[in-house]
Amino acid sequence: MAALEEGFTLTAVPLGSGPDGPLGVEQSDKTDQFLVTDSGRTVILYKVSDQKPLGSWSVKQGQIITCPAVCNFQTGEYIVVHDNKVLRIWNNEDVNLDKVFKATLSAEVYRIHSIQGTEPLVLFKEGAIRGLEALLAEPQQKIETVISDEEVIKWTKFFMVFRHPVLIFITEKHGNYFAYVQKFNSRILSKYTLLLGQEEKSVTQSFSTSVHRKFISLMSLSSDGCVYETLIPVHPSDPEKNQRVVPSLLLKSVVSGNARSGVALTILDQDHVAVLGPPLSASKECLSIWNTKFQTLQTSKELPQGTSGQLWYHGENLFMLHGKFLTVIPYKCEVSSLAGALGKLKHGQDPDIHAMTHFVNWETSQGYGLGSQNSEQSKRILRRRKIEVSVQPEVPPSTQLLAAVQKDSEKHIEVELRKFLAVKRTPDFHTIIGDVVIGILGRYKAEPSFYPRNCLMQLIQTRVLSYSLCPGLMESALEKTDVQILQICLQQFPDIPESVTCACLKIFLSIGDDSLQETDINMESVSDYTATIQDGEIEQQTEILQNGFNPEEDNCENCAQELIEKPQAATEESTSCPVTGKRAALLNAILHSAYSETFLLPHLKDIPAQHITIMDWICLLLDANFTVVVMIPEAKRLLLSLYKFVKSQISICSELNKIEVSFRELQKLNQEKTNRELYSIEVLELF
């Protein structure tokens, strides 16, 4: 089976990447650090586990980066090319790219490749390949032309085959596709013609590759919505001859055949591929994982904001552009089995038990002549391991979770949390949840970079927490400006202090609309907000007394004159909400939370003046900030409206007081007349 976990936005601001998305996402020399290159001028180093940038470098105004930056794993330096021919090399200590090492080359570069275990390679647009060291020794050396005229490189990949570097690149010319394979142990460049098969008019839109023993598996996603596989031999019989290879259909209709852009394909392991694109002609883009062995869809996630058709795969993370932001979606692929592919794998079954078969190197075993004696020995070792495993006591999921919180990675903690939540709840469930939250917060204070947001969300949604049980949770969310967690806490915690409520209010009022736009907020409390804005009309009730106040009645001529001077502006203000829908939902969470006037009033004095006129706690807010309100221009219309309303209410109260006096006199008269028959008619005159 396979699963896509909850994704998160890696970039804090939209990438300046243009319509085609970023140029690339490449692994750094650290496991969870990646170089993100936009299609403009900037390279940013991100640490995925912390979801924050560690460094940023830009070329000068007027220059443009033309291929993704990569890391030289042998030196720890970074390499990038701008303006097609200018190569730059720098490290983490450098600040200005204009002052780092520079080499101007004699030909235009298509891509720089770098992987562990070998030096970086430079692929030129004309198909020539050079090692970085040889190129830096003579930057102006002549670069030969390998591909023919009008032949354009479409895709390229660099990998290791039996400890030897191999580079493959795909070219296209007049609708025909060719594969070039360069093996550097023999310096042989082999060329293959890729036949399109039955769909002669189809266009290949995405490629991915992996190595299976003696063959290179080249997968392609065609415009007909199908995935094809082409096997290219690692050791061709005639390497200098142009050979023809025919692809075979691997998966049918994984994306819509009408999709001409926004599709991508990448191989995750020997049995799973990730596909980016709309599954139906009228549907939105989706990220899905398919099992190629059993040809089944394992999981999918809709991407409502659209994508650029780019998909990068590093470790257990998938990178893509969702809307205008680079998004990371962790995934998990289990060992392929028929039950798992059909979604019938039992939860109690551990698929990792069979994972050892993938590490058997049959070629090595046969080469060293491993026979029946070693086989018998292996069986004895295996039996002994089974016995050792069987006598080990089973560790409860709660114990594993609490232990993982203290030292493991965020991803591993999520796995242990899912295991714990999957088992039946015990009487001490709420206590364990509280201990887990306290453990996470304690580690967060010791390691500020550790903030497992997804775990905290799942823990809060168990609905067994309260503020008193984990007082540091909302404080941590305030530090991180995590408005989504704050909203959920306000909706579920019954015992939040007024000081914390006001702190949340300040965050909700001050956070930018751009940040809220990309935040997942519960909009149930403002479900009618969107419809109201779309209709653009609010029911106008005229000539109707509302609590004794008629909006059209005006006894203050000067006030009315000031209000009528700008009728259009007044109408717009009265028919529009001063905040966006998501901010309104957050403010509603504040207004629905429990509070005490005595304890709330002192904290309201700290709210900035420009935010005072949009809350429903109008009496408390005016009491706390009256001297400020009368001075700010934003409150002028509010004060005038309040003046008219209060004046009308005073008039109504005065009339009611007169009636009250009359009723008191009537009550006295009734008390004086004690002798009444069973039936009588009395006439009372009021003067």
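Shown above is the structure to which this text applies.
All chains use their own residue numbering, which begins from 1 and follows the written sequence. Per-residue local features of the predicted model are confined to residues with pLDDT of at least 70, and side-chain atom pairs are confined, for both listing and counting, to 80 or more; whole-chain, interface and lining totals are unaffected and use all residues. Computation of side-chain values covers all heavy atoms of the structure but excludes hydrogens and water.

### As for the nonpolar core
Stage number 1. Nonpolar cores were defined as sets of buried Ala, Val, Leu, Ile, Met, Phe, Trp, Tyr and Cys residues, with membership established by side-chain atoms within 4.5 Å. Summary of the burial criterion: residues with accessible area below 20% of their type's maximum are buried, those above 50% are exposed, and those between are partly exposed, where the area comes from a 1.4 Å probe applied to protein chains only. Residues Leu-459, Leu-473, Met-474, Phe-493, Cys-504 and Phe-508 are the most contacted members of the largest nonpolar core, which totals 53 residues.
Stage number 2. At the level of elements, α5 (397–407), α6 (410–422), α7 (429–446), α8 (453–460), α9 (472–480), α10 (483–492), α11 (498–510) and α16 (581–591) are the ones that each hand at least two residues to this core.
Stage number 3. Residues count as neighbours in contact if any of their non-hydrogen atoms are within 4.5 Å of one another. Contacts of Phe-508, omitting those with residues within four sequence positions, involve Val-483, Leu-486, Gln-487, Leu-490, Arg-583, Leu-586, Leu-587 and Ile-590. Secondary structure follows DSSP: runs of H or I at least 4 residues long count as helices, runs of E at least 2 residues long count as strands, and numbering of each begins at the N terminus.

### Considering the sheet that holds strand β18 (residues 204–212)
Stage number 1. The pairing criterion is simple: DSSP has to find at least two bridges between the two strands. Pairing within the open sheet is antiparallel, and its four strands lie in the order β18-β19-β20-β22. Of all strands in the sheet, those bounded by a partner on one side alone are β18 and β22 (248–251). On average, adjacent strands in this sheet sit at an angle of 35° to one another, irrespective of strand direction.
Stage number 2. Where β18 and strand β19 (residues 215–222) come together, eight bridges link them in antiparallel fashion. Among the inter-strand pairings, Ser-208 is bridged to a residue of β19, identified as Met-219. Lines are fitted to the C-alpha atoms to define the axes, a helix being fitted only along its stretch in contact, and any angle between axes, read from their N-to-C directions, falls within 0 to 180 degrees.

### Some words on α5
Stage number 1. Taken together, the buried positions of α5 are occupied by Ser-398, Leu-401, Ala-404 and Val-405. The arc enclosing the buried residues of α5, seen along the axis, measures out at 125°, which places them on a common side. Across α5 from its buried face, at more than 90 degrees, point the exposed residues Gln-406 and Lys-407.
Stage number 2. Residues of α5 that are buried sit in contact with α6 and α7. Directions from the helix axis toward the C-beta atoms define the arc.

### Examining the pattern of salt bridges
Stage number 1. Any Lys or Arg side-chain nitrogen found within 4 Å of a carboxyl oxygen on Asp or Glu counts as a salt bridge. Evaluated as defined, the whole model comprises twelve salt bridges.
Stage number 2. Close ionic contact of Asp-98 with Arg-88 constitutes a salt bridge, the shortest N to O distance being 3.7 Å. With Asp-98 in the loop between β9 (86–90) and β10 (101–104) and Arg-88 in strand β9, the pair connects residues that are ten residues apart, well separated along the chain.
Stage number 3. The class for Asp-98 is partly exposed, based on a relative accessible area of 35%.
Stage number 4. As a salt-bridge pair, Asp-482 and Arg-453 come within 2.8 Å of each other at their nearest N and O atoms. Here the residue Asp-482 occupies a position in the loop between α9 and α10, and Arg-453 occupies one in helix α8, the gap between them amounting to 29 residues.
Stage number 5. Look at the salt bridges and you will find they share partners, linking Glu-5, Glu-316 and Lys-411 into a network.

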